[in-house]
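Coordinates in review
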Amino acid sequence: AAAREGRTETVLYLRSDVMGELLFHRLVTDGFGMATDRVWAQRYMKLFVYLPIALHPEPRTALLISYGVGGTARALTDTAAIEHIDIVDISRDVLDMSRIVGADGLESGTDTTARSPLDDPRVDIHIEDGRFFLETTPQRFDLITGEPPPPKLAGVVNLYTREYFELIYERLADGGITTYWLPVHGLLADETKAILRAFCDVFEDCTLWNGAGLDWLMMGTRGLAGPVDEEWFRRQWQDPGVAEEVVALGFEKPEQLGPLFLADADQIARLTTDTAPLVDDHPKRLSDRIASSRYERWTDVDATRDRFARSRIIRNLWPPSLRQAAPAYFPLQRDINAKFDRAEAPGEGLESNAPDLVRADEILEQTDLQILPLWRLGSTIAIQNAARAAADKREPGAHLEFQLGIGELATRNWSTAARHFDRAAAAGGTAALPPVHAYALCRAGRHQVGQRILG
């Protein structure tokens, strides 16, 4: 889509289309895929904002270190309560090139307004090294969030050390919150523990959360007191500027933030008892091997639900009613974990991911959720928006009608879904069509026709 030989790196923007419409962008710097606005990436990037905003009673000032494609920045500018936002990035070219996302009119599938967060009047931009900015600014912030490159890239390790986290703590206002990226893909378990130990040495109330797949986040505060008022906690789901995007990324109800919990300070302390923290003087506590451990034990839903129930920090901060309601959503986290497993995420719900009708049917029957069954049916809001845009511009074909039908299934409009699948079949069909077609027909009361399709 675009390329630039910049002062500090070569920047490429790639784009991927579906049904002739834009689906996502990818930012590549010096040959490394640095950021994207695909659904799985936007989910964890915007959680850097959605989670602390739910917990902070008066979030007026925010600092974002490292911009990427602007997903986290967009979540900040969408939040009306924030009065001032400072954005720090070492590359002017990365910031300038990010405007292609706004120009193409796509953020993560629901935002079709051609604008950039950099143009928001509340934003001040600083072309600066993030650590140097923290060392020199006199400001203090209610929210500091950051997503630098992965820690094993050259020159990045010192943005994951205890000394760096101390700088963040010093720049937080009283009651302030920080959220920070922890990409455990590429990290061995002991290396993950070393970063966690460094973070928790600084933030006594540190917690660990599951963003999407192996993209996790750490959260800590400077003396935040709770519990949070429930009305405030729910506010983002009632804000027209935020709610649509929150839901599109799979956070359909406030209670669904609970199952993202992995561990709190007490639990992390037990996990890292024999682990030395990552510090400036010992950067080689991270090896130069790009290798990952298996983290199933860390994300096991039964274990995380138990840790959530026993967590001292959750009891202190979470509204009591939402703390009691959250455990019911932990079993559904298995479906979300499966969706964002890194082996599946690159497919982004396209034809390579066949609909899981059995599980989708259970979710449709047992819940009122719409995004999660959409994912289990092999689609996303971004794909649905692309299908609707394509339908407005050209003659619908089999793949387009198939996706429109999937969208109607997720919203439980059985008859409308069946009509789309009828048209998809008439246009030649797709490999995945017969089961979902028969399912929609049976759900719409046309059992005999559905049975004939299955032979």
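Residues numbered from 1 in each chain as written. Predicted model: local features only at pLDDT ≥ 70, side-chain atom pairs only at ≥ 80, totals over all residues. Heavy atoms only, no water.

When its secondary structure is counted, the protein chain shows 22 helices and twelve strands. In terms of overall dimensions, the protein chain is globule-like: its C-alpha atoms have a radius of gyration of 22 Å, near the 23 Å expected for 455 residues. Referenced to the eigenvectors of the C-alpha coordinate spread, the extents of the protein chain come out at roughly 70 × 50 × 45 Å. Residue burial in the protein chain is summarised as follows: out of 455 residues, 58% are buried. (Helix = DSSP H or I, 4+ residues; strand = E, 2+ residues; numbered from the N terminus. Rg over C-alpha atoms; globule rule 2.2 N^0.38 Å. Buried < 20%, exposed > 50% of the residue type's maximum accessible area, 1.4 Å probe, protein only.)

Judged by pairing direction, the sheet is antiparallel, and its four strands sit side by side in the order β1-β2-β3-β4 without closing on themselves. At either end of the open sheet lies a strand with only one pairing partner, and these are β1 (2–5) and β4 (32–36). The average angle at which neighbouring strand axes cross in this sheet is 25°, direction not considered. Direction of pairing for strand β3 (residues 21–29) relative to β4: antiparallel, over a ladder of four bridges. Each bridged residue has a counterpart across the sheet, and for Arg26 the counterpart in β4 is Thr36. (Pairing = 2+ DSSP bridges. Axes fitted to C-alpha atoms, helices over the stretch in contact; angles between N-to-C directions.)

On to unusual backbone geometry, then. Cis peptide bonds are those with omega within 30 degrees of zero, and the linkage from Gly226 to Pro227 qualifies with 0°. Its place among the elements puts Pro227 in the loop between β11 (215–221) and α8 (230–233). Here the phi dihedral of Arg412 falls at roughly 70°; this positive angle occurs in a residue that is not glycine. Structurally, Arg412 can be placed in the loop between α19 (398–410) and α20 (414–426).

By convention here, two paired aromatic rings are described through the distance between centres and the angle between planes. Following the criterion strictly, the structure yields 23 aromatic pairs and no others. Between Phe340 and Trp375, the ring centres sit 5.0 Å apart and the planes meet at 80°, which makes this aromatic pair edge-to-face. Separated by 35 residues along the polypeptide, Phe340 in the loop between α15 (330–339) and α16 (357–366) and Trp375 in helix α17 (residues 371–376) bring together distant segments of the chain. When its relative accessible area of 3% is taken as the criterion, Phe340 is described as buried. One aromatic cluster is present, formed by Tyr160, Tyr164, Phe165, Tyr169, Tyr180, Phe199 and Phe203 through successive ring pairs. A cation sits over an aromatic face here: Arg443 above Trp414, 4.4 Å from the ring centre. (Phe/Tyr/Trp six-rings, centres within 6.5 Å; stacked < 30°, edge-to-face > 60°. Lys NZ or Arg CZ within 6 Å of the ring centre and 35° of its normal.)

Turning to the confidence of the model for the protein chain, a few remarks are in order. Averaged over all residues, the pLDDT of the protein chain is 91; the fraction at 70 or higher stands at 94%. Every residue in residues 105–113 scores below 50 in pLDDT, and together they form 34 contacts with partners more than four places removed in sequence or on other chains. This stretch, residues 343–352, has a pLDDT under 50; its non-local contacts, to residues over four places away or in other chains, come to 30 contacts. (pLDDT = per-residue confidence, 0-100. Contact = heavy atoms within 4.5 Å.)

Residues three or four positions apart in an α-helix share a direction because the helix packs 3.6 residues into each turn. With seven of its ten residues buried, α15 lies for the most part within the structure. Buried residues of α15: Phe330, Leu332, Gln333, Asp335, Ile336, Asn337 and Lys339, and no others. On its buried face, α15 sits against α1 (39–55), β10 (207–212), α11 (296–299), α12 (301–310), α16 and α17.

Before going further, it helps to spend a moment on the pattern of salt bridges. In this structure the tally under the stated criterion is 30 salt bridges. Here Arg140 makes a salt bridge to Asp174, at a shortest N to O gap of 3.3 Å. Here Asp174 lies in strand β9 (residues 172–183) and Arg140 lies in the loop between α5 (130–136) and β8 (141–146), a separation of 34 residues in the sequence. Look at Arg140 and you get partly exposed, because its relative accessible area is 37%. What you see here is one network of salt bridges that share partners, running through Arg4, Asp93 and Asp96. (Salt bridge = Lys/Arg side-chain N within 4 Å of Asp/Glu carboxyl O.)

Here we have eight strands laid out as an open sheet, ordered β7-β6-β5-β8-β9-β11-β10-β12, and mixed in their pairing. The open sheet has two edge strands, β7 (123–127) and β12 (261–264), and neither has a second partner. The average angle at which neighbouring strand axes cross in this sheet is 20°, direction not considered. Pairing of strand β6 (residues 84–89) with β7 involves five bridges; the strand directions are parallel. Directly across from Asp89, in β7, lies its bridge partner Ile127. This element, helix α6 (residues 162–171), spans β5 (61–65), β8, β9 and β11 of the sheet and lies at about 150° to β9.

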